[in-house]
Amino acid sequence: MPELPEVEVIRRGLAPLLVGRRFLAVQVGDKRLRQQSSPQDLRRWLLGRRLESLGRRGKYLVFHLEGGATLLIHLGMTGHLLAGPIPSPPLPHVHLVFRMEGGLDLFFQDTRRFGQVLVFPPGVDPPPLAQVGAEPFSRKVTPAWLAEQARGRSRPIKNFLLDARILAGIGNIYACEILWAAGLHPATPAGRLTLPDWDRVLAETRRILKHAIRKGGTTVSDYLNSKGEAGLFQLELLAYGRAGEPCRCGATIQRLVQAGRSSFFCPVCQPLRDGNH
Ligand SMILES: [Zn+2]
């Protein structure tokens, strides 16, 4: 599943190709995505309009259109957004094709159809963005702000990091890497972290996300960047997916299931502290 770095890499790949071009046609397949505006609405607000800028909020790509309409795209679990001529033979599971000025197609491919493609008229703040928490790189996010969000909470730090209403865009892979780098057991109650703990969590969050963006995003199963190339960061995952393998300290990385998802941690580098349970 794409996380913040992958979506940011896609944004950076697509923006120079698409910004300034008009939408000429929208082709919509028979099968709908989890959330998808009607073909009528997509055509009404997109056709003939120029793309003024391409932004990102959390894991949403935010297309700002001439005239004020907004197109939101979320890749869900298996979505790919690719720009270029449609390959021949055509790829399976292409649900939407946006034909752009200058002979460029933007197409949305999604085998599991958990993606979202939603258009909003001028003057409407897209409601899905109101649910998106703070950007990890924003100035408002400080160790003290994180401590404030976690105050009194007994839920594990791992689940706190995954809560997109607090911090946007951090999924399972990066949450595991962040906690490993910060030396915190994933089951530590979020409300028990000290200010120095939050300082390390935030510093590692920013370092790891920045590094992943620079490396072109992570590929674990199904993610491709906007050119259809796999990211390179998967070679450098130090905890995620490494159960049974040695940590840098020599101990063995272990797996734990939290809220239905796997956490990977080192029992030596990330000990449970006394009084945590
Ligand atoms: Zn270790």
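These numbers come from a predicted model, not from an experiment. (Residues numbered from 1 in each chain as written. Predicted model: local features only at pLDDT ≥ 70, side-chain atom pairs only at ≥ 80, totals over all residues. Heavy atoms only, no water.)

Draft legend 1. Quick peek at the overall build of the protein chain. Along the backbone of the protein chain there are 7 helices and 11 strands. In terms of overall dimensions, the protein chain is globule-like: its C-alpha atoms have a radius of gyration of 20 Å, near the 19 Å expected for 277 residues. Across its three principal directions, the C-alpha atoms of the protein chain cover 60 × 40 × 30 Å. Accessible area for the protein chain stands at about 12500 Å²; split by element, carbon and sulfur atoms hold 52% of it. Of note, the protein chain has its 37 positive side-chain charges centred 2 Å away from the centre of its 23 negative side-chain charges. (Helix = DSSP H or I, 4+ residues; strand = E, 2+ residues; numbered from the N terminus. Rg over C-alpha atoms; globule rule 2.2 N^0.38 Å. Areas by Shrake-Rupley, 256 points an atom, 1.4 Å probe, with all protein chains shown as cover. Lys, Arg positive; Asp, Glu negative; His and termini not counted. Charge placed at Lys NZ, Arg CZ, Asp CG, Glu CD.)

Draft legend 2. Quick peek at the pairing of strand β10 (residues 254-258). Judged from the 5 bridges that link them, β10 and strand β11 (residues 261-265) form a sheet pairing that is antiparallel. Along β11, the bridge assignment pairs Q254 with F265. (Pairing = 2+ DSSP bridges.)

Draft legend 3. Seen up close, the side chain of T70. Among the structural elements, T70 can be located in strand β5 (residues 70-74). Of the residues examined, T70 reaches a relative accessible area of 7% and is grouped as buried. Excluding its chain neighbours within four sequence positions, the residues that come into contact with T70 are V62, F63, L65, L118, V119, F120 and P126. (Buried < 20%, exposed > 50% of the residue type's maximum accessible area, 1.4 Å probe, protein only. Contact = heavy atoms within 4.5 Å.)

Draft legend 4. Local environment of the coordination of the zinc ion. Only C247 (SG), C249 (SG), C266 (SG) and C269 (SG) from the protein coordinate the zinc ion, and they sit 2.2 to 2.4 Å from it. What the 4 donor atoms of the zinc ion show is an angle range of 101 to 115° at the metal, which sorts the shape as tetrahedral. In primary sequence terms, the donor set of the zinc ion follows C-x1-C-x16-C-x2-C. Of this pair, C249 sits in the loop between α7 (195-215) and β10 while C269 sits in the segment after β11, placing them 20 residues apart in sequence. (Donors = N, O, S within 2.8 Å, 3.2 Å for Na, K, Ca; no water. Tetrahedral: all angles 85-135°; square planar, octahedral: opposite > 155°, others 65-115°.)

Draft legend 5. Spatial organisation of the environment of G123. One can find G123 in the loop between β9 (116-120) and α3 (127-130). Residue classification places G123 among the exposed residues on the basis of a relative accessible area of 82%. Note: C-alpha distance between G123 and T70 (53 residues apart in sequence) is 9.2 Å.

Draft legend 6. Structural detail: helix α2 (residues 39-46). Restricting attention to buried positions, one finds in α2 the residues L42, W45 and L46. What you see down the axis of α2 is that its buried residues fit within an arc of 90°, all on one side. Exposed positions of α2 whose direction lies more than 90 degrees from the buried face are Q40 and R44. Downstream of α2 by a residue or two, G48 has a phi angle that is positive, lying close to 80°. (Arc of directions from axis to C-beta.)

Draft legend 7. Molecular detail of the sheet that holds β9. Taking strand neighbours across the sheet as the criterion, the 5 strands line up as β2-β9-β5-β4-β3 in an open arrangement whose pairing is mixed. Two strands close off the open sheet at either side, each with one partner strand: β2 (35-36) and β3 (51-57). Note: β5 against β9, 5 bridges, orientation antiparallel. Residue pairing across strands places H74 opposite Q116, the latter belonging to β9. Together, β3 and β4 (60-65) form the strand contacts of helix α1 (residues 4-18), whose direction differs from that of β3 by roughly 175°. (Axes fitted to C-alpha atoms, helices over the stretch in contact; angles between N-to-C directions.)

Draft legend 8. A look at the sheet that holds strand β1 (residues 23-28). The 4 strands lie next to each other as β1-β7-β8-β6, forming an open sheet whose pairing is antiparallel. Among the strands making up the open sheet, the edge pair consists of β1 and β6 (79-84). When strand polarity is set aside, the average angle formed by the axes of neighbouring strands in this sheet is 15°. Examined bridge by bridge, β1 and strand β7 (residues 94-100) share 5 bridges and lie antiparallel to one another. When the sheet's bridge partners are listed, F23 is paired in β7 with M100. Where α1 meets the sheet, it contacts β6, β7 and β8 (104-110), and its direction lies at approximately 150° from that of β8. Seen against the sheet, α2 touches β1 and β7 and runs at an angle of roughly 170° to β1.

Draft legend 9. Here's a closer look at the packing of helix α4 (residues 143-150) against α7. The geometry of α4 relative to α7 is characterised by a closest axis approach of 8 Å and an angle of 110° between their N-to-C directions. Classified by the angle between their axes, α4 and α7 sit roughly perpendicular to one another. The element α4 and its partner α7 pack so that their crossing is right-handed. For the pair α4 and α7, contact is made by P143, A144, L146, A147 and A150 and by L195, W198, D199 and L202, respectively. (Parallel < 35°, antiparallel > 145°, perpendicular 65-115°, else oblique. Left-handed = near helix turned anticlockwise from the far one by under 90°.)

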